[in-house]
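# Examination of the molecular architecture
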Amino acid sequence: MNITKFSIQRPIGISMIFMLITVLGLFSYSHIGVELLPDVDSPYISCVVQYPGASTESVEQQLTKPIEDAISTLEGVKEIRSVSMTGRSEVFIELSPELDPNLMSVEATKRLNKIRSSLPADIDEPVVLKRSAEEYPVIEIAVTGKQDAADLHAMAENTFKEKLQQAEGVADVSVTGGAEKEIAVLVNQEKLNYYSLTLKDITDAIRSENTMVSAGSVYSENRQVSVRLDSQYKTVSDIEQISLTKNGRTFLLRDVADVQVKNKRSSRYARMDGSDAVSMEVYKTSGSNIVDTADNVLKKLEELRKSYPDYTFTLVYNQATFVKNSLNNTLRTLLEGLVTTGLVLYLFLRGWRSASAVMIAIPTSLIATFFLMYAAGFTFNMMSLMGMATCIGILVDDSIVVLENIHRFLQNGYNARDAAEQGRMQIGMAAIAMTLCDVVVFLPIAFMQSATGQLFRQFGLTIVFATLMSLVVSFTLTPMMASKLYAGGLEEPQGKVWDFFDNLERNTIRRYEVLLRNCLQHPKKLLTGIIALFLCSLLLIPLGIVGAEYMPKTDESALQVNVELPIGSNAQQTNEVLLLFDDYLRTIPEIKHHMSYVTTLERNGKISITLYSKNERSRSVWTIAEDIRAFARNNLGSARARVNVIQSSVAGVSGGRNLVRSPLQIELKGSSMEVLAEESAKVEKILRETNGVKDVKNSYVEGNPELKVVVDRDKLEYYGVSLSQVLRSFASAITGQRAGVLANDENNHGKDTDINVRFAGGEGYQMDELKSIPIPAKTGSVYLGDIAEIKETVGPTTIRRLNKERFINVQANLTDRPLNEVKQEVEQKIKAASLRCRYEFSGQTATMNTSFKEMIMALTMSLLLIYLLLAVLYESVFTPFIRMFSLPLGIIGSIFFLLFTNNTINLYSLIGILVMDGLVAKNGTLLLDYTLTRIHEGISPLEAVVEAGKVRLKPIFMTAITMVVGMLPTALSLSEGSETRVSMAWVIIGGMITSTVFTLFVIPVLFLWLKKRFPKRI
């Protein structure tokens, strides 16, 4: 007994089976996770070390290189990038996808502990983060209140940060802004020299007096009492009263120094919407879900609001908002496509019975797909939901073809049961061929190995799951429902509307027959015109009329402005520029919130801007970005500003999930920093002179002012001074030296307050004053000028390394020119410049080339698989060959529709071509299948072709129109996240239109031509 006959004879049994599948699908639906895109980015860990006062080259030599050597031997390390800058080293480690960043961070910490003794003693302890240090935060929170800046910072750093870090999925919380308290011991240099003291003497005295030591226990008959010596400082006056002894003279600390409670030198400027605030940036761990992490953080945030009502917590930016909106819009588009498809079916199938059968079949297939997605570990993301939205037309096809054939048998006088069985049996081979064509089209995508391939894996397999379920439904549930719905016979609806459609159908079939016979009589004219159209469409791409890019740009309602001041600028000067920006940004009505602050490099500032959602404003994010750029050009003077549009929907790009990476990036590599710097300047000039390029940035900036101390080793030996004493005394005089803490300071919210010793006015020292810094020696002390020469020099602000090799990154944003067009022009100019170092394009440019090659390979493989499949099904090598011409017929419309709608060739439009290939195959398959059936029944090939065209015209039009109408909500969508889906939708719509029209004429012409020449092989 075949499965269709079983379904018709056992309607309750088959209904219960599908009821079980539906229950499993709905259960799976509630347990499937949510994210913007499948997680295809490699996991990252980062090592960050602070080295106050150290120059960029010192940081590279003493910190970055040893850390790279230690970390590079870890198993599973794919790539190591590092940035060395004044006082800070950052090392980013990209791991293999299968590794757990939590475990790898532990291993990295162990490696760092092994080399800790070889690193400088006065660095802050290395911190290993379970994320890329360049990653963009998932949430940004502004904390404001009536408290002063120091109180705000203390509460944020010690209480609020700890609470947010408890949220699952959070890797780190970065606190910026406010002020930090310190107990500053400001030493008078003249008095210090008078008493023959050094800063080391002061520091050692403060440390030695600030102790708490356990002395054991005292026992009696009844109890045990612990004994401890507590000489920790309780107040500032305790520090002032410290006794110092030198050369037999005793005096107090206050005689040589002024002890003050004050805020540390301000470099933490931060404001929200122009008002002082503390910024808290929340970063997720590598591999964790954005939506889940954001939800967990928001729960903790609500707890903070209830516990601390005196503080105001403002959500400045939430990356999960765009994710949720995009997914909701995709889901809504899916439902819109379902409804419009239902209306089309109602008109084509003449009434509610046939339409309801198909409209039950589609949700059943989709709900069953949920269970398969859950079993495969998929999530609801833009890829999987886009696959479901795309396959609505595919799901309709199987049931429409079967139902339309059942309908025809009913018109020929069969009863409902026999019509359901015979209608499905006659179309069975064509339905299987159509479905398997869809399956083999997407299988190559599912097995692509690159990050882009993994990104589209869920898209392809979701369609495969839904298509297979659709085939099962069309062979079981649809015939069963048809046998029940038409048990009382076929009732044709009456009325003017239905009479109009009947006449339209008859006239269309009659006119089609006339046109088809004319084409069969003049095949050369038809094929010449089609070939000309095909070649013209292909030429649009190399001519640049239809551009190419990696992925479409998306309006995510978020911007970031990076401000860079000239070398030598300090935090106060950067803050003044940011204040100017604050005043301007408050005049832009589309801005919801903006957060501005000075970065760790004091001459750099950053502004995070959140706009109102896309449907709440009339201007796009790119228009607003251009206005901000124009303001910066006209008002910032020597300062530079780069405006970046946040792009979280661009995945699979090397370098981590840094959402402000420019699409055009060039990396220059070599061992000589001087050569790299010179060549990077050439590349920077090339980019600035290229049309369509903006926001050019060179990662190398020369001119960081330095005071270099060159010691005389002979004099060191003569005076008995060690190099470490020179280094410590010199650094302490300028930046100060930490001498312990005031433990549990009640005036600092119970936090330990640092005690820092430095010369009064040391930050503003001139060169002559530096020479008089005292250095400990065997016989008292000597001055720095006696043993060393101080020179003014310049050095690099940052040194970047890739896999232990220095490199410079030059990057730029684009205006209205496609990425591939700009890349080709820039590459030609760079080749003409004959650079003296190696270079390569990175970021989206490199990923685009790799992805396009893989997609073309996947398309070729899918065509081959379709051919092999049809050859097996039809036991012929010529019949599948005829069907293969459906793809070029579809490509004509796809490329022209990209041109008309101002879209580009990108990853999504290439996927659209793959989808379209599977869809247009069905038209040719339907025609060929019925043609061969009629020939085997004894009809001549010419009449068989004509009859097949007339009989299959209606189902072909139905499947094409339902697919086009189903994709229109996606193509016309203006909601958040829709930009990525639009180009794919227009490719499918254009391809379906031209392929449907041309297939009805070209396939019969080719079939008859081959039938005449190879009559026994077809």
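Remember, predicted model here, so these are calculated numbers, not experimental data. (Residues numbered from 1 in each chain as written. Predicted model: local features only at pLDDT ≥ 70, side-chain atom pairs only at ≥ 80, totals over all residues. Heavy atoms only, no water.)

### Some points on the side chain of S105
Note that S105 resides in helix 4 (residues 101-115). The class for S105 is buried, based on a relative accessible area of 8%. Those residues in contact with S105, other than ones at most four positions away along the chain, are I45, V128 and K130. (Helix = DSSP H or I, 4+ residues; strand = E, 2+ residues; numbered from the N terminus. Buried < 20%, exposed > 50% of the residue type's maximum accessible area, 1.4 Å probe, protein only. Contact = heavy atoms within 4.5 Å.)

### What to know about the packing of helix 2 (residues 11-31) against helix 11 (residues 352-375)
The geometry of helix 2 relative to helix 11 is characterised by a closest axis approach of 7 Å and an angle of 55 degrees between their N-to-C directions. Here helix 2 lies oblique to helix 11, going by the angle between them. Handedness of the crossing formed by helix 2 with helix 11: left-handed. The residues of helix 11 that touch helix 2, namely those facing F18, I21, T22, L24, G25, L26, S28, Y29 and H31, are T364, I367, A368, F370, F371 and Y374. For the contact of helix 2 with helix 11, a count of residues per class yields 10 nonpolar, five polar and no charged. (Axes fitted to C-alpha atoms, helices over the stretch in contact; angles between N-to-C directions. Parallel < 35°, antiparallel > 145°, perpendicular 65-115°, else oblique. Left-handed = near helix turned anticlockwise from the far one by under 90°. Nonpolar A, V, L, I, M, F, W, Y, C, P; charged D, E, K, R; others polar.)

### Concerning the packing of aromatic side chains
Enumeration according to the criterion identifies 15 aromatic pairs in this entry. With a centroid separation of 5.0 Å and 70 degrees between ring planes, the pair formed by F409 and Y414 is classed as edge-to-face. Between the aromatic rings of Y839 and F841, the centroid separation amounts to 6.5 Å while the plane-to-plane angle is 75 degrees, which identifies the pairing as edge-to-face. Judged by its relative accessible area of 27%, Y839 is partly exposed. Relative accessible area serves as the criterion here: at 12%, F841 is assigned to the buried category. An aromatic cluster is present here, built from F160, Y308, Y311 and F313 joined pairwise through their rings. (Phe/Tyr/Trp six-rings, centres within 6.5 Å; stacked < 30°, edge-to-face > 60°.)

### Here's the deal with the sheet that holds strand 12 (residues 257-263)
The four strands lie next to each other as 12-7-25-24, forming an open sheet whose pairing is mixed. Among the strands making up the open sheet, the edge pair consists of strand 12 and strand 24 (737-742). The average undirected angle you get between the axes of adjacent strands in this sheet is 25 degrees. Bridge analysis of strand 7 (residues 181-187) against strand 25 (residues 753-759) gives six bridges, and the strand direction is parallel. Within strand 25, the position partnered with V185 by the bridge is V757. (Pairing = 2+ DSSP bridges.)

### Let's talk about the domain arrangement of the chain
Once the domains are mapped, the chain shows domain 1 (1-31 + 350-493), domain 2 (44-129), domain 3 (181-265 + 704-795) and domain 4 (497-543 + 876-1017). Computed from C-alpha atoms alone, the centre-to-centre distance between domain 1 and domain 4 is 23 Å. If you look at the interface, domain 1 gives 31 residues, while domain 4 gives 32 residues. Counting the surface lost from both domain 1 and domain 4, the interface buries some 2,800 Å², and carbon and sulfur atoms represent 72% of this. Between the two partners, domain 1 and domain 4, sit zero salt bridges. Our count for the domain 1 to domain 4 interface comes out at zero residue pairs in polar contact (both at pLDDT 80 or more). (Domains from an automatic or database assignment. Buried area = accessible area lost by both parts, 1.4 Å probe. Salt bridge = Lys/Arg side-chain N within 4 Å of Asp/Glu carboxyl O. Polar contact = N/O pair within 3.5 Å; in protein donor to acceptor, adjacent residues only side chain to side chain.)

### Points about the environment of G544
Here G544 lies in the loop between helix 17 (523-539) and strand 17 (558-564). Spatially, the C-alpha atom of G544 lies 32 Å from that of N329, the residues being 215 residues apart in sequence.

### Some remarks on unusual backbone geometry
Positive phi values are uncommon outside glycine, yet N803 reaches one of about 50 degrees. Looking at the secondary structure, you find N803 in the loop between strand 29 (798-802) and strand 30 (805-814). Although it is not a glycine, N902 sits at a positive phi angle of roughly 60 degrees. Structurally, N902 is set in the loop between helix 28 (886-900) and helix 29 (907-936). Taking relative accessible area as the criterion, N902 reaches 71% and is therefore assigned exposed.

### Thoughts on the confidence of the model for the chain
For the chain, the average pLDDT comes to 81, and 91% of its residues sit at 70 or higher. When the criterion is pLDDT under 50, residues 651-659 qualifies, and its contacts beyond four places in sequence or with other chains add up to 38 contacts. (pLDDT = per-residue confidence, 0-100.)

### Some points on the sheet that holds strand 17
Taken together, six strands build an open sheet; the order of strands is 14-13-18-19-17-20 and the sheet is antiparallel. Each edge of the sheet is formed by a strand with only one pairing partner; in this case those strands are strand 14 (275-276) and strand 20 (640-645). Both strand 17 and strand 19 (residues 604-611) contribute to a ladder of seven bridges, which runs antiparallel. Bridging across to strand 19, L559 finds its partner in I609.

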